[in-house]
Amino acid sequence: MGTIAASVVLMRWELLSAVMMFFASSCKIKCRQRSRNAMAFVFSGIGIGMSCWFVTGLLGITLSAENLHNFWSVTKDVFIEVMSQTPPNLPMP
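The structure displayed is predicted, hence computed values, not measured ones.

### Here we look at the overall build of the chain
Move 1: When its secondary structure is counted, the chain shows four helices and zero strands.
Move 2: Going from N to C terminus, the chain has its helices and strands arranged as α-α-α-α.
Move 3: Counting across all 93 residues of the chain, residues that qualify as buried make up 11%.
Move 4: Of the roughly 7900 Å² that the chain leaves accessible, carbon and sulfur atoms contribute 72%.

Below is the structure:
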């Protein structure tokens, strides 16, 4: 019993996101059957967001402003480095 309780405590956010994905999928199916396409689109977005949250939780990725800033600065530096090495007369489509 203690093992089950500990696993529920440790996996609470992953379990919550899995339950939210299930509810979003169920609501999306019901909305599609009733021709409520806008609501089905909203529930699809919720399901995608919850699946991303689920994966980041399982991988141990924390989303913070500092991490996003670091990612953006590295991406910008790599883009500038790659673009500086392209030939000046490269034909653009």
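### Observations regarding the confidence of the model for the chain
Move 1: The predicted model of the chain has a mean per-residue pLDDT of 84, with 88% of residues at 70 or higher.
Move 2: The least confident element of the chain, judged by mean pLDDT, is helix H1 (residues 2-10) at 66; the most confident is helix H4 (residues 65-84) at 92.

### Quick notes on unusual backbone geometry
Move 1: Residue Ser35 is not a glycine yet carries a positive backbone phi of 60°.
Move 2: With respect to the helices, strands and loops of the structure, Ser35 is situated in the loop between helix H2 (12-33) and helix H3 (37-59).

### Some details on a nonpolar patch on the surface
Move 1: On the surface, a nonpolar cluster with roughly 920 Å² of combined accessible area is contributed by Trp13, Leu16, Val19, Met20, Phe22, Phe23, Met39, Val42, Ile46 and Trp53.
Move 2: For the nonpolar patch, the element with the most residues is H2, which contributes six residues.
Move 3: One can find Trp53 in helix H3.
Move 4: Trp53 sits in the partly exposed class, given a relative accessible area of 34%.

Cut-off values and rules
- Residues numbered from 1 in each chain as written.
- Predicted model: local features only at pLDDT ≥ 70, side-chain atom pairs only at ≥ 80, totals over all residues.
- Heavy atoms only, no water.
- Helix = DSSP H or I, 4+ residues; strand = E, 2+ residues; numbered from the N terminus.
- Buried < 20%, exposed > 50% of the residue type's maximum accessible area, 1.4 Å probe, protein only.
- Areas by Shrake-Rupley, 256 points an atom, 1.4 Å probe, with all protein chains shown as cover.
- pLDDT = per-residue confidence, 0-100.
- Patch = residues over 30% accessible without salt bridge, like charges linked within 9 Å, V, L, I, M, F, W, Y side chains within 5 Å.
- Salt bridge = Lys/Arg side-chain N within 4 Å of Asp/Glu carboxyl O.

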